[in-house]
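Overview (structure and organization)
This is what each chain is made of:
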Amino acid sequence: VESGEFDATLLALAGLNRLGLAHHATAILETEDFLPAVGQGAIALVTRAADDETLGHVSPVIDAATTVALACERAFLTVLDGSCRTPIAGHATLTKSGGLSFRGLVLAVDGSDCAETMSAGSPEDAVAIGQAAGRVLLARSSPKVQMQFTLAS
């Protein structure tokens, strides 16, 4: 961009921070305006289920809010049968009042069509909220958008 080869680029602020280049960022895209892909920013730790020693070591870094949000987002993605090749966005957050809020979006590959949904409920119902949102978008989206889910499978 600095050399004029490109007019603009889209980069993660975390990466720019690590490189000491955050001062080059001209805009930070908020999730209200630019919904992320499902699971963005979450780090997964996989352990053996019966390995209590390892579970004890990793439990201090497990974030309960992230666990709930990711369960909702992944349930949404599962219903849509999406992959990293399908334009699906979803973001779940715990609200200040203790509830769970979810917003999901599916797009046509060429950006010509989209469908969006928002839902909320109890964090205990995270998976059900995500699944219901996925079913809503399957029913609401156009055949052009739905076709890509069939192709991605």
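Residues numbered from 1 in each chain as written. Predicted model: local features only at pLDDT ≥ 70, side-chain atom pairs only at ≥ 80, totals over all residues. Heavy atoms only, no water.

This brings us to the sheet that holds strand β2 (residues 100–107). What the three strands build is an open sheet, ordered β1-β2-β3; its pairing is antiparallel. Across the chains shown, the open sheet's two edge strands, defined by having one partner strand only, are β1 (88–94) and β3 (114–121). For this sheet, the mean angle separating the axes of adjacent strands, direction not counted, is 10°. Judged from the eight bridges that link them, β2 and β3 form a sheet pairing that is antiparallel. Paired with Leu100 across the bridge in β3 is Gly121. Each of β1 and β2 is contacted by helix α3 (residues 64–80), which is oriented at about 150° to β1, the strand it contacts most. Sitting on the sheet, helix α4 (residues 126–140) touches β2 and β3, and the angle it makes with β3 is about 155°. (Pairing = 2+ DSSP bridges. Helix = DSSP H or I, 4+ residues; strand = E, 2+ residues; numbered from the N terminus. Axes fitted to C-alpha atoms, helices over the stretch in contact; angles between N-to-C directions. Contact = heavy atoms within 4.5 Å.)

The subject of this paragraph is the environment of Cys114. In this structure, Cys114 sits in strand β3. For Cys114, a relative accessible area of 47% translates into the label partly exposed. The spacing of Cys114 and Ser142 is 28 residues in sequence and 7.9 Å in space, taken between C-alpha atoms. Every residue in contact with Cys114, bar those within four places of it in the chain, is listed here: Leu105, Val106 and Leu107. (Buried < 20%, exposed > 50% of the residue type's maximum accessible area, 1.4 Å probe, protein only.)

Attention now goes to α4. Between the first and last C-alpha of α4 there are 21 Å, a value that for 15 residues agrees with the 21 Å anticipated at 1.5 Å per step. All of the buried residues along α4 are Ala126, Ile129, Gly130, Ala133, Gly134 and Leu137. End-on, the buried residues of α4 take up no more than an arc of 135°, which puts them together on one face. (Expected span 1.5 Å × (residues − 1). Arc of directions from axis to C-beta.)

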